[in-house]
Amino acid sequence: MAIREIRVVGDRVLTKKCRPVEEMTPRISELIDDMFDTMYEANGVGLAAPQVGILKRIVVMDVDGTPHLLINPEILETSGSQTGAEGCLSLPGKSGTVTRPNYVKVRALDRDMQPFELEGTELLARCICHECDHLDGHMYTEKVEGELWDNTYDEYDEYEDEE
């Protein structure tokens, strides 16, 4: 398992539509493991294969301590709405306000290439939509309401008032 380079805005791979995974191979299995490692190393909650330069329809997520793998995901149903801050590992240090469904049902394949359905609300629903957008060459910045803002901070800033 290895940490892969996360592609950032400006890399053309992020604008391309991904191809379906036809069969589980040792290379695909290794990619999945690397994607989880890369996502955790970057403190992310989701990562799509194009973000590591691979045009395959693969998503990994972990929003609540439960890892999820979606191969060839297809959103079946959405309802409700939620508006909140959203960021992306491919646009580090920035966030924006995005409205997404509050409920999502997705069908995908698991590591054994068996179909399953996953339902999610709130952050999981947001993450499913965000990562599936990546598979079609879209980024959350296309949906941002208003301006992006800087979400980085200097670790010493919080101590300024204590002097």
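Residues numbered from 1 in each chain as written. Predicted model: local features only at pLDDT ≥ 70, side-chain atom pairs only at ≥ 80, totals over all residues. Heavy atoms only, no water.

Engineer: How should I be thinking about the sheet that holds strand β4 (residues 82-87) in this particular structure?
Structural biologist: Reading across the sheet, the three strands line up as β4-β5-β8 and stay open at both edges, with antiparallel pairing between neighbours. Edge positions in the open sheet fall to β4 and β8 (145-150), since each of these has one partner strand only. Each strand of the sheet is rotated relative to its neighbour by a mean of 30 degrees, with strand direction disregarded. As defined by bridge partners, strand β5 (residues 94-100) adjoins β8 across three bridges and the pair is classed as antiparallel. Bridge pairing in β8 places threonine 97 opposite glutamate 145. Helix α2 (residues 122-135) contacts β4 and β5 of the sheet and is inclined by roughly 55 degrees relative to β4. (Pairing = 2+ DSSP bridges. Helix = DSSP H or I, 4+ residues; strand = E, 2+ residues; numbered from the N terminus. Axes fitted to C-alpha atoms, helices over the stretch in contact; angles between N-to-C directions. Contact = heavy atoms within 4.5 Å.)

Engineer: Is there a simple way to think about the sheet that holds strand β7 (residues 115-121) in this case?
Structural biologist: The strands making up a sheet associate through hydrogen bonds between their backbones, and the pairing can be parallel or antiparallel. Ordered in space as β1-β2-β3-β6-β7, the five strands form an open sheet in which the pairing is antiparallel. Edge positions in the sheet fall to β1 (46-48) and β7, since each of these pairs with one other strand and no more. Along the sheet, successive strands turn relative to each other by an average axial angle of 40 degrees, direction set aside. Where strand β2 (residues 58-61) lies against strand β3 (residues 68-79), four bridges are found, and the strand directions are antiparallel. Within β3, the residue paired with methionine 61 across the bridge is histidine 68. Its contacts with the sheet put helix α1 (residues 26-41) on β1, β2 and β3, and the angle it makes with β2 is roughly 35 degrees. Docked against the sheet, α2 engages β1, β2, β3, β6 (103-109) and β7, running at close to 125 degrees with respect to β7.

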